[in-house]
Structures are given as structure tokens and as C-alpha cells.
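# Coordinates in review
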Amino acid sequence: MEILNINDNISLYSIPMKKLKTSSLGVYIHRPLCEEEASANAVLPYVMKRGFGLCPNAKAVSDYLENLYGASLGAGVLKRGDDHIIYFSAETISDKYAPQGECLVADTAELMMSLLFEPRAFDEENVEREKKNAVDRITAEINDKRQYAQLRCCEEMCKDESFALSRLGTKDGVDALNAEILKKRYEEIITSSPIYIYVCGDADINAVAQRIRAYASKLTFKPASMPKEKIFERHGDVRRVTENMDVVQGKLCMGFRTGTPSDDGDYIPLTVMNSIFGGGAHSKLFNNVREKLSLCYYASSSIVRSKGLMFVNAGIEFSNFDKAYNEILVQLDAVKNGDISEFEFESSVNALINQLESYNDDQNAMQIFCMGEKISGTNYSIDDMKEMIRRVTIEDVKRAAAKTELDTVYFLAGKEEK
Amino acid sequence: MDMRHIKNELTGEEMYFGKHSSGLGVYVIPKKDYSNTFAIFGTRYGSVDSEFIVPGEKDVTSVPDGIAHYLEHKMFDQPDGSNVFDKFSKYGGNANAFTSFNITAYLFSATANVEENLAALIDYVQSPYFTEDSVKKEQGIIGQEIRMYDDSGSWKLFFNLLNCLYKNHPVKKEIAGTVESISRITPELLYKCYNTFYNLSNMSLVVVGNVDVDKIVKVTEDGIKKNEPFSEEIKKIYPDEPDETAKQFAEQSLSVASPLFMIGFKDTDTGFGGENLLKKSIEINILLRILFGKGSKLYTELYEKGLINNTFSFDYTMQPSYAYSVLEGESGDPKDVYAAVNKEIERVKKEGLSEDDFNRIKKVMWGEYIRSMNDVEDYAVTFIQYLFMDIDYFNYYDVYKQVTFDDVKKRFEKHFVTERSALSIINPV
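It should be emphasised that the depicted structure is a prediction, and the values quoted were computed from it without experimental measurement.

Definitions and cut-offs
- All residue numbers refer to positions counted from 1 along the written sequence of the respective chain.
- Written order determines the labels here, with chains lettered from A and ligands numbered from 1.
- Confidence filtering applies because this is a predicted model: local features only for residues at pLDDT of at least 70, side-chain atom pairs given and counted only at 80 or more, and all residues used for totals across whole chains, interfaces and linings.
- The side-chain figures draw on all heavy atoms in the structure; neither hydrogens nor water molecules are used.
- In this document the domain limits rely on a domain assignment from an automatic tool or a database.
- Two residues qualify as a contact provided that any one of their heavy atoms is within 4.5 Å of a heavy atom in the partner residue.
- Put simply, buried area is how much 1.4 Å-probe accessible surface two parts lose in total, over both of them, once they are put together.
- In what follows, salt bridge is the name for a side-chain nitrogen of Lys or Arg lying within 4 Å of a carboxyl oxygen of Asp or Glu.
- What counts as a disulfide here is a pair of cysteine sulfur atoms lying within 2.5 Å.
- Note on ring pairs: Phe, Tyr and Trp rings are taken, using the six-membered ring of Trp, and paired if centres are within 6.5 Å. Classes follow the plane angle, with under 30 degrees stacked, over 60 edge-to-face and the rest tilted.
- Where helices and strands are cited, they refer to DSSP runs of H or I of at least four residues and of E of at least two residues respectively, numbered from the N terminus.
- Only protein chains enter the accessibility calculation, which uses a 1.4 Å probe. A residue is then buried if its area is under 20% of the maximum for its type, exposed if over 50%, and partly exposed in between.
- Charge-over-ring contacts are defined here by two conditions on Lys NZ or Arg CZ: a distance within 6 Å of the ring centre and an angle within 35 degrees of the ring normal.
- For a helix, the expected span equals 1.5 Å multiplied by the residue count minus one.
- We call a set of buried residues a nonpolar core when its members are Ala, Val, Leu, Ile, Met, Phe, Trp, Tyr or Cys and they connect through side-chain atoms within 4.5 Å of each other.
- In this analysis, strands are considered paired if DSSP registers two or more bridges between them.
- Helix axes use the C-alpha atoms of the stretch in contact, all axes being lines fitted to C-alpha atoms, and the angles between their N-to-C directions lie in the range 0 to 180 degrees.

## Things to note about the domain arrangement of chain A
Size of an interface, as often reported, equals the accessible area lost when the parts are brought together. Residue and element names in this part refer to chain A. With domains assigned, chain A is organised as domain 1 (2-216) and domain 2 (239-413). Computed from C-alpha atoms alone, the centre-to-centre distance between domain 1 and domain 2 is 29 Å. Listed per partner, the contact involves 37 residues of domain 1 and 37 residues of domain 2. Across the domain 1 to domain 2 interface the summed buried area is about 3100 Å²; carbon plus sulfur atoms make up 65%. Our enumeration of links across domain 1 and domain 2 arrives at 4 salt bridges. With a closest N to O distance of 2.8 Å, D82 and K307 form a salt bridge.

This is the structure in C-alpha cells:
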């Protein structure tokens with residue numbers, strides 16, 4: 001990976017991946033996740049992509065992309081611990097496959113730069129429409145019950161912390177925005193945030209750098225620094241929340257504190273521990289809660305890295321709540337006690353390595369991986385990670401598991417359930 | 001097994017393929033420098049195939065709905081009591097399976113030990129083992145899978161639409177069946193279906209990735225068990241489906257935030273696979289983009305009025321025996337969207353399509369084809385889906401280049417018929 005620093009705020013990363021037939025660009029604008037900013041950050045990228053210097057309106061954007069053999073343009077926001085990331089992504093087939101020798105990659109980069117540095121759609125009409133769409137996205141979070149259960153569990157668990165905020169902001173926060181506020185937000189953000197730009201595939205990194213420099217030279221940048229991540233800590237009783245909705249399947253989500261930040265020596269063992277516990281078809285949750293007890297179709301666990309959290313999800317009959325809840329804790333205890341077969345351990349290590357390796361074939365996954373490393377400050381490469389995973393022992397896993405404590409139990413139950 | 005080699009100069013792709021004496025079709029697509037390899041072992045058998053005549057028999061066999069999917073789940077149990085996932089896990093392979101309307105497929109992806117993983121795949125798909133107990137055990141798991149879909153607005157939206165478009169065709173039935181239908185599944189029925197549809201002459205193996213072709217062929221040959229290929233086709237029986245829709249409207253209430261809508265157009269120009277089917281699908285995909293793409297007149301109008309948002313999308317699904325296109329999204333007023341769609345179709349009928357639009361969108365189709373070869377999984381799955389429709393995906397260009405503006409104009413008249421459309425809505429409770 002080659003890194004070019006455009007200025008103190010903007011860095012450009014080149015990840016050559018010429019074996020793929022596409023090239024892609026990802027722009028990640030790093031912000032803190034906080035109530036004052038979240039809603040504006042969530043609406044901003046959608047307004048920006050509605051019109052800019054090169055393509056003054058949405059129709060022009062669409063025609064431009066279609067002429068590049070259907071290049072794609074995406075935008076949105078991500079939440080990584082207490083960080084909020086505004087992103088734009090574009091992808092085109094590489095020049096090698098352009099039937100008439102067109103410069104598809106350069107043209108796609110040009111579109112991205114224009115979008116980033118000369119957005120023009122900050123008028124009332126556009127902003128009001130995108131505000132409505134942003135509220136739709138917030139309310140639509142209820143549509144996927146599995147994700148919704150985890151979202152609610154997380155909200156309850158991290159009450160009073162910025163991490164409880166949705167990446168999409170709040171309805172009230174969005175309602176309070178207007179064109180003038182958003183335009184001002186844009187002007188602040190573009191000059192005072194760390195911005196990471198990834199170019200993947202078969203692209204001329206120096207040509208892209210030159211274009212970014214040309215745009216950036218017209219702006220005055222301010223120093224940008226982000227607060228260091230802080231993991232979630234709490235003392236006291238387990239929180240238990242049951243909510244009722246018109247559903248036929250119950251959704252159980254259990255939130256745990258891991259006590260392990262991502263730059264801690266126990267972080268890698270924790271990922272192995274999660275894999276053993278609930279990270280796939282080789283895991284204890286899959287084989288016991290699903291296969292042995294036939295309680296569910298899915299039961300899995302996942303880690304929220306920068307916040308020191310782990311969540312377990314399962315879709316169950318309402319009446320099986322106790323059975324599933326107890327079995328999940330029994331399985332966690334088994335991991336804590338080191339009751340881990342050689343097969344479970346090896347499968348878990350292999351699954352993690354397999355997943356890391358697969359990023360080498362996927363430009364988007366690779367960008368997200370590198371961006372995550374950058375944000376957490378660990379800056380591990382895929383090879384570093386693989387090496388660390390291979391060195392993990394069962395003792396390490398036990399140590400990481402021992403710190404894991406149940407914090408919040410959320411259950412989405414049917415209308416009539418108690 | 002003789003393997004033929006072909007190279008596509010436009011895409012730079014290469015492929016080796018051949019037919020084993022057991023009847024199994026084998027396709028290997030090497031991807032140099034890739035980390036990942038993906039293999040898929042599939043059969044031409046899906047949820048729509050509940051009535052059929054076994055080669056050599058006279059009578060029609062009828063089986064409970066959802067059995068193809070149930071069979072897929074039960075293939076993971078092995079005669080020695082082991083679980084298939086364990087074999088893959090040991091070699092770091094990520095194994096899975098799926099059942100769609102027309103295909104059941106078993107697959108894995110792996111970045112190491114490809115040959116060991118492939119041997120495991122070929123072995124377990126040829127090792128059925130069903131007992132009363134093991135069949136019963138699955139009812140709890142699949143019961144929860146069905147329940148999960150019962151709460152899914154987008155899933156119900158889709159099946160309610162298919163029940164509008166189709167009067168008789170089994171595509172309108174849920175893939176997993178119902179809690180009632182799966183309760184009638186027995187080991188004997190599973191064996192009957194297995195012995196019919198999992199005959200290797202009804203199956204294909206596709207491997208895409210950084211592989212040594214000779215080794216893949218050897219592992220495959222070594223892994224194939226004794227199989228007598230069918231000399232005649234399995235006769236799949238589908239009821240007659242009239243051109244008209246069953247109804248034009250369906251709605252249901254579920255816990256969703258705002259109304260979800262899906263509009264469908266029933267394609268009645270069916271009954272064929274191969275090049276003609278590929279050509280038709282390119283024509284319809286071009287039309288969908290011209291009429292409803294982000295740069296279209298209708299999209300702009302609906303988006304600016306706030307009648308649709310970024311969730312709006314469209315798709316065309318085709319099989320030899322049925323086909324339909326759909327438009328879906330969220331809207332405060334789905335009926336207004338439906339009316340606007342039909343009005344736009346009337347307008348285009350009068351004013352005609354634009355040749356500039358056609359030329360621009362045809363380029364998009366080429367980009368999509370190139371892009372589809374990027375990811376080993378997407379590529380292999382797409383390849384086998386087309387293969388089972390007798391379409392040569394590798395040589396897509398040969399058909400693509402034939403598609404003219406005139407073809408697309410004719411297709412528009414045939415496909416976008418208001419009387420053969422329907423609207424499905426999921427309302428918030």
C-alpha cells in the first residue's frame with residue numbers, strides 16, 4: 001500500500017488490485033459521533049451527491065455514470081465506536097475493459113473530486129427532500145427485526161453515551177436542519193476533518209493526487225484531531241428490557257462488555273474467542289442452540305471492536321426465551337472454562353484467517369478494513385493480523401473470555417407476550 | 001474426463017469444461033492471483049418441482065411443498081453421525097447451501113486447502129442419510145426459518161406479488177413450504193427426491209478461483225461415486241398458466257415503518273431457454289433502466305415529488321417456465337406510484353423510446369457483465385444459474401452484440417402491459 005499525504009488532513013492510499021476487473025475510490029471523512037453533529041452528518045452525503053460542479057443535477061450524475069458503462073456512486077454514514085464516518089464510494093470497470101479505450105478510472109475520480117470539493121445542491125428543495133428521506137431511513141430501522149433488536153439492545157446498554165446514537169442521527173435532529181446550516185456544516189467539515197481517500201484497482205495514483213491537490217489548494221485547512229476511543233464500562237446489575245410488537249418470532253439480543261480495547265494485547269484473542277463462541281457454523285452457539293436443541297434458525301455473536309462490546313443474536317419462539325437464554329450463557333461459561341476442543345479452536349482460527357485472506361479479492365472490504373485500522377490507530381496489515389491470530393493459545397482465549405460480562409438483555413416479543 | 005479449454009479475448013477469462021461419464025458437467029474458471037476459491041455443486045431442482053415423473057416410471061410423483069429446501073438442510077447430516085460443517089471448518093472452508101425456485105446448490109469458499117474442501121463437498125452431496133429422528137429434528141429449525149420470514153415485510157411483499165401475478169404456477173409458493181406441509185415430509189420422500197434430482201446427470205460443478213485445473217479434475221474424478229446417468233429427462237410438471245394475472249392488488253399489514261410496495265409485470269413470452277432467453281433478458285434489463293433508472297423521466301418526477309426514495313429498485317427474473325419484472329420501494333402512497341408507472345408506459349407507447357437512451361444503457365449492460373466476473377462467488381453462482389437455463393454466460397457478448405434498438409422497442413410493447421401488472425403493498429400496522 002502506497003500512502004501520499006496531500007496535506008495535514010487528507011491522505012491518499014493506493015491499494016493496487018489489478019487482478020480485479022474494476023477500480024474503486026472510497027472517501028472517508030472522519031468525525032466524532034455526537035448529538036450536535038450526528039443528524040447533519042447523516043443527511044450531508046445524500047445532499048452532496050444530488051449535484052456538483054461537474055454534474056449540476058441528479059439527472060446529469062446518472063447520465064455521467066451510465067456513460068462510464070454503469071459506474072456506481074454510493075454515499076452514507078458509518079458508525080465505528082465513538083466515531084462517525086461520512087463516506088462516498090465509486091466504482092468503475094477498469095480502463096482495460098473499456099471497449100473504445102475510454103479513461104473510465106480518471107473520469108470516475110474526477111466525478112468524486114467534484115462531488116467532494118464543489119457540491120452545489122444546498123438549496124431548500126433538495127435539502128427538504130433529503131431530510132424527509134433521512135427520517136424515512138431512521139424510521140425504517142424497525143423493518144429488519146434482527147438488526148432492530150441489536151440496535152435497541154445497544155441503545156439501552158449505552159444509555160447516556162454517544163455510542164447509543166444511531167449512525168443516522170435522530171428525527172428531531174434532522175427536522176432542525178436547513179439548507180444554510182448544512183452548507184455551513186459542509187464548509188466546516190471539509191476543512192477540519194481527517195479525510196482518508198483509498199484508490200483500489202488499476203489506477204494512476206499520482207494523477208489522482210494531482211487532482212486532489214488542485215482542488216485542495218483553493219481551501220484553507222484547520223488542524224483536525226479525533227478523540228481516542230474509549231471502551232464501554234459499567235458496574236451494577238444486568239439490565240433487562242422486553243418490548244412488544246406485532247411479530248410472530250421473538251428476537252433475543254444479549255449485550256456483553258468485553259473489557260478489551262482494540263489496542264490491547266487481548267484483542268486478537270478476543271476475536272478468536274468470539275469465533276469459537278458464535279462466529280459461524282463451527283461455533284458453540286450454532287452447534288448447541290441451533291443444531292442440538294433446534295431452538296432457532298440463527299444464533300450468533302459479534303464484536304463491536306472499538307467499543308469493547310459483544311452481542312449475541314437469536315430468533316426464537318417466545319416460549320423458548322429461558323431455554324435459549326440459559327443455553328447461551330452455558331456456552332459462554334464453557335468458553336470461559338477453556339472447555340474448547342482442538343477442533344473448535346482450529347476451525348475458529350482458520351475461519352478468521354480465511355475471512356482476512358478474502359479481503360484481498362474485494363476492494364470494498366479491503367478499504368473498510370484499512371479504514372478501520374486507521375481509525376482505531378492500530379494500523380495492522382492483513383498479514384500482521386493473520387500472524388497474531390496464529391499465535392493465540394487457548395489460555396489467551398480463556399483470559400479474554402474471563403473479562404466478558406453480561407450487561408443488557410433485550411427481547412423483542414409478540415404483542416400478547418409478557 | 002476430457003476437458004476443453006476456451007479463452008475469451010474481450011474479457012481475458014479462460015474456462016475448462018467437460019462432462020464426466022456419470023453425467024456430471026464440470027466447469028473450472030481459473031482466476032490468477034486470487035486468494036479465494038469458490039465451488040458450487042448444484043442440481044436443477046428447486047421449490048417449484050413438487051410434481052414430476054421419474055425416468056423409467058409412468059406415474060406422476062407428488063411431494064409436499066418445501067421438500068427441496070428441507071432436503072438441502074438434511075444433506076448436512078452424514079451416515080457416520082458427523083456434521084458436514086465440521087469437515088469444512090477443519091480445512092478453513094466456509095460452507096453453505098441454498099434452495100431457490102429452480103436450483104438447489106451446495107457451496108464453499110476457501111483461501112487454503114481447496115482440494116480438501118472440494119473433496120468434502122463432492123462427498124457429502126453424494127451421501128444422503130435420512131432417519132425418522134433426524135428428519136423430525138429439523139422441523140424446529142426450519143419452523144423458525146419460516147417464522148423469521150413471516151415477520152419480514154420485504155419477503156411477504158414479494159410473495160404476495162407473485163400470488164397476484166400467478167394463478168397456478170408453483171413459483172407463487174414459499175420456498176420453505178409451510179409448517180403444515182413440512183410436517184408431512186418423511187425419509188422415504190426425501191430419498192425419492194434425492195434419487196431423482198441428485199442423479200449426477202442432472203447436476204453440475206462449477207469452480208472459480210486460483211486453482212490448478214488438473215488437480216481440480218483429479219479430485220472430482222476421484223470423488224464421483226457410482227452413478228447411472230438417466231437416459232431420458234426428468235419430466236417436471238407445471239400446471240398451465242394463463243396470460244392474465246390472478247389479481248392486480250394485494251395488501252397486508254406488518255410492523256414496518258412506512259408502506260412498502262412492489263409492482264410486477266408478468267412476462268408471458270416464455271417457454272424457452274438458451275440464447276433467446278438471454279437476449280430477452282438483456283432487452284428487458286435495458287428497458288427497465290431506460291424507463292425507471294435514476295436518470296429516467298419517471299424516477300426524477302417521483303423522487304422530486306417525494307413519492308419514492310433511495311430504496312427504489314427494479315429487477316427482472318427469468319426462467320424458461322416463468323418470468324417477471326418488479327419495481328419496489330417505500331412510498332407514502334404506493335397507489336400513486338403504480339398509477340404513475342402505468343401512465344408513463346402509456347406515454348412511452350405514444351411518444352416512443354429514445355435511441356440515445358438505448359445506446360447509453362446498452363453500455364451499462366456491458367459494464368455489469370464485466371463487473372459480474374470480479375467476485376468468485378457472484379461469478380460462480382451467476383454462471384450456474386445461466387447454465388441451468390442453457391445459457392452460455394462465458395460468451396455473453398455473442399448475444400449482447402445482437403441486441404438492437406428495434407428489438408428493445410418490440411420488447412417494450414410485449415412486456416409492459418398494464419393488464420398484466422399488479423401491485424403489492426405492506427402497510428404499517
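## Observations regarding the state of the cysteines
Simply put, disulfide is the name for a covalent bond between the sulfur atoms of two cysteines. On inspection of all chains with the given rule, the structure shows 0 disulfides over all chains. Free cysteine: C253(A), not disulfide-bonded; nearest cysteine sulfur from C153(A) at 3.8 Å.

## Observations regarding the packing of aromatic side chains
The tally for this structure, following the rule as stated, stands at 49 aromatic pairs over all chains. With centroids separated by 5.8 Å and ring planes inclined at 35 degrees, the aromatic side chains of F88(B) and F108(B) adopt a geometry described as tilted. Residue F88(B) is located in helix α2 (residues 84-90), and its partner F108(B) is located in strand β8 (residues 104-110); the two are separated by 20 residues in the primary sequence. With respect to class, F88(B) is no different from F108(B); both count as buried. Relative to Y396(B), the ring of Y393(B) has its centre 6.0 Å away and its plane inclined at 70 degrees; by these criteria the two rings are edge-to-face. Classification of Y393(B) by relative accessible area gives buried; the value is 5%. Each residue in the set F286(A), Y45(B), F52(B), F76(B), F85(B), F88(B), Y106(B), F108(B), Y124(B), Y194(B), F197(B) and Y198(B) is aromatic and connected to the rest through ring pairs, giving one cluster. Geometry around Y400(B) places K362(B) over its ring, the cationic atom sitting 4.7 Å from the centre.

## Looking at the interface of chain A and chain B
Contact with chain A, which involves 60 residues of that partner, is made by 55 residues of chain B. Each partner contributes to the roughly 5100 Å² buried at the junction of chain A and chain B, and carbon and sulfur atoms together form 48% of this total. Scanning the region where chain A abuts chain B turns up 6 salt bridges. With its nearest N and O atoms 2.8 Å apart, the salt bridge here joins E66(A) to R360(B). At the level of elements, α2 (58-67), β5 (83-93), α4 (124-139), α10 (284-292), β10 (309-316) and α12 (342-358) of chain A are the ones that each hand at least two residues to the side of chain A that touches chain B. Here the element with the most residues in the side of chain A that touches chain B is α4(A); it accounts for 7 residues.

## Brief notes about helix α11 (residues 334-351) of chain B
All names here are of chain B. Taking 1.5 Å of rise per residue, the 18 residues of α11 would be expected to cover 26 Å, and the 25 Å separating its terminal C-alpha atoms lies within 8% of that figure. Among all positions in α11, only P334, V337, Y338, A340, V341, N342, E344, I345 and V348 are buried. Summarising the contacts, the buried residues of α11 are in contact with β12 (260-266), α9 (274-292), α10 (297-304), β14 (323-330), α15 (405-415) and β15 (421-428). Looking one or two places after α11, you find G352, whose phi comes out positive at around 85 degrees.

## A short note on the nonpolar core
Most often, soluble globular proteins keep nonpolar side chains buried together rather than apart. In this structure, L12(A) and F88(A) are the most contacted members of the largest nonpolar core, which totals 213 residues. The element that contributes the greatest number of residues to this core is α9(B), accounting for 10 residues. Leaving out residues up to four positions away in the same chain, F88(A) has contacts with L25(A), G26(A), V27(A), I29(A), P45(A), M48(A), G74(A), A75(A), M112(A), L115(A) and L116(A).

## Digging into the domain arrangement of chain B
Residue and element names in this part refer to chain B. Taken domain by domain, chain B consists of domain 1 (4-236) and domain 2 (249-428). Using only C-alpha atoms to locate each centre, domain 1 and domain 2 end up separated by 28 Å. Each side of the interface is counted separately: domain 1 has 42 residues, and domain 2 has 43 residues. Carbon and sulfur atoms make up 75% of the surface buried where domain 1 meets domain 2, a total of about 3600 Å² over both sides. Among the residues of domain 1 in contact with domain 2, L157, L161 and L165 are the three that bury the most area, contributing 18% of the side total.

## Digging into the sheet that holds strand β7 (residues 94-99) of chain B
All names here are of chain B. The 7 strands are arranged β1-β2-β3-β9-β4-β8-β7 in an open sheet whose pairing can be described as mixed. Each edge of the open sheet is held by one strand with a lone partner, namely β1 (4-7) and β7. Taken over all neighbouring pairs, the strand axes of this sheet differ in orientation by 15 degrees on average, direction set aside. When β7 meets β8, the two strands line up antiparallel, connected through 6 bridges.

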